[in-house]
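Here are the chains, one letter per residue:
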Amino acid sequence: MVILALTVPAAAQGDAIKIGVISSLTGSVSTYGQSVRNAVTMAVEDINAAGGINGRQISLIILDDKGDGTEAAQAARRLIDRENVALILGPVITPAVMAVAPICQAAGVPMLTPTGTGDQITSVGDYIFRGAYKDSFQGRVMAQFAIEYLGLKEAAIIYDVANDYSVGLRTAFKTTFEELGGKIVAEESYSTGDTDFSAQLTSLAMRNPEALFIPDYYSTAGPILMQARLMGMDAVMLGVDGWDSPDLSALAGGFEEGGYIVNHYSADVDSPATQDFIARYKEAFGQAPDALAALGYDGTLIVAKALEAAGSTDPEALKNALGTVGDIEGVTGTINMDPEGTPIKSAVILRITGGQWELVTRIDPVGR
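Counting of residues starts from 1 at the beginning of each chain's written sequence and follows it residue by residue. With pLDDT at 70 or above as the cut-off, local features in this predicted model cover only qualifying residues; side-chain atom pairs require 80 or more to be listed or tallied, and sums for whole chains, interfaces and linings still use all residues. The side-chain figures draw on all heavy atoms in the structure; neither hydrogens nor water molecules are used.

### Quick look at the pairing of strand 13 (residues 333-337)
Strands are labelled as partners when DSSP assigns at least two bridges between them. Working definition: helices are DSSP H or I runs of at least four residues, strands are E runs of at least two. Numbering for both runs from the N terminus. As paired elements, strand 12 (residues 328-330) and strand 13 share 3 bridges and run antiparallel to each other. Bridging from a neighbouring strand, Gly330 pairs with Gly333 of strand 13. Hairpin geometry of strand 12 and strand 13 is characterised by an intervening segment of 2 residues between the two adjacent antiparallel strands. Note: strand 13 against strand 14 (residues 343-344), 2 bridges, orientation antiparallel. Pairing of Asn336 across the sheet is with Ile344, part of strand 14. In this structure, the hairpin formed by strand 13 and strand 14 is closed by a connection of 5 residues, where Gly341 is found at a positive phi of approximately 100 degrees.

Take a look at the structure:
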């Protein structure tokens, strides 16, 4: 288990607020975890430089879960039992989040995943929070966009039957697409770890769908995109926030071009908070931030606002504050937490053009 730490000056360590971070620094979704780690570290450095939280500095204990639920659970136990953290920030992906959330709930330690989108996350208990919208919201947004903006009437779906993230997005997209008058002409599934999708894609191609919805992480979506295009599928490719990675293009062989995704933020948004973050992230880490980085930074801002409002690290006070803080000017927009533990904020639709994500439109969370 990789252990990293962001320390504070020796004189302040005794009174520091210890926050545990569980992130996927290695493994199949490592770009996600590295982005979150970078942004959380950057945010804490900003907070500490500004005087900390009510005069106290933040100290981070960062553990790598390798994108694996068992590793994530072990990391949570270490942070709670040995490090005595006040709060856990993370994990990054829904399966790992669902392994950690029951542990935090049982221990009475608040947890906020900055990036987990599974609908079931916050239903684990009242100590569990998130900094991202829910899968049901982004699934509905993409279906609405496909029909109302692109004018599509038929679509096919290929999804990971063993991944709650992929299944949840598939269900939300399918339900909304059909409610709005569209038709799902075919569906195919695979299991986590599969690399050859030729049989499923051949079956889907026979139905000649107008669009293909691929609700999965970049590590799987990339090969699916390449294999689909190489066999001649000309459907409009529709995706989700999981596509957002600098590694997508290499995995898709450039065949991601022209695809659309739902995402949490766009670098094209002319917001001072967004543009300042992008400039400083590039300077610090030598690359443009992805949505996972933006969510990592904003998740830290939510935690900081809650710590300030609670006035202490008392778990009950901190839990109550996490469900009520608002008017947070984040990278992804203005954030207001709802009692369920989910932020109320917009989603954006991006199109891949010339290898770059371009803003197409913004969708507000009406009826979410």
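Once you've had a look at it, read on.
### A short note on empty space enclosed by the protein
Put plainly, a pocket is an open set of points on a 1 Å grid over the protein atoms alone with protein on both sides within 12 Å along at least five of seven lines, a cavity is a set where a 1.4 Å probe fits but cannot get out, and a lining residue has an atom within 4 Å of a point. Grid points are joined across faces, edges and corners, and a volume is the space filled by probe spheres set on the points. Counted according to the given criterion, the structure contains 2 cavities of 30 Å³ or more. Of the voids in this model, the largest cavity is the one considered here, and its volume is about 100 Å³. For the largest cavity, the full set of lining residues is Tyr32, Val92, Ile93, Thr94, Thr115, Gly116, Thr117, Tyr165, Tyr217, Asp241, Gly242 and Leu292. Classes in brief: Ala, Val, Leu, Ile, Met, Phe, Trp, Tyr, Cys and Pro nonpolar; Asp, Glu, Lys and Arg charged; the others, Gly included, polar. For the lining of the largest cavity, the per-class residue count stands at 6 nonpolar, 5 polar and 1 charged. Here the second largest cavity is characterised by a volume of approximately 30 Å³. Its residues assigned to classes, the lining of the second largest cavity shows 4 nonpolar, 2 polar and 1 charged.

### Focus on the sheet that holds strand 12
On the basis of which strands lie adjacent, the open sheet formed by 3 strands has the order 12-13-14 and antiparallel pairing. The open sheet terminates on both sides in strands that have one partner only, identified here as strand 12 and strand 14.

### Observations regarding helix 8 (residues 218-230)
Counting along an α-helix, one turn takes 3.6 residues, and residues three or four places apart therefore face a common direction. Here the expected length of a helix is defined as 1.5 Å per residue gap, with one fewer gap than residues. Here helix 8 is 13 residues long and its end C-alpha atoms lie 18 Å apart, about the 18 Å a rise of 1.5 Å per residue gives. Type-normalised accessible area, obtained with a 1.4 Å probe on protein chains alone, sets the label of each residue: buried when under 20%, exposed when over 50%, and partly exposed for intermediate values. Along helix 8, the positions that sit buried rather than exposed are Tyr218, Thr220, Ala221, Gly222, Pro223, Ile224, Leu225 and Ala228. Contacts were defined at the residue level, with two residues in contact if any of their heavy atoms lie within 4.5 Å. Considering only its buried residues, helix 8 is in contact with helix 2 (30-49), strand 7 (154-160), strand 8 (183-190), helix 7 (198-205), strand 10 (236-239) and helix 9 (248-252). Of the residues trailing helix 8, Gly232 is marked for its positive phi of about 100 degrees.

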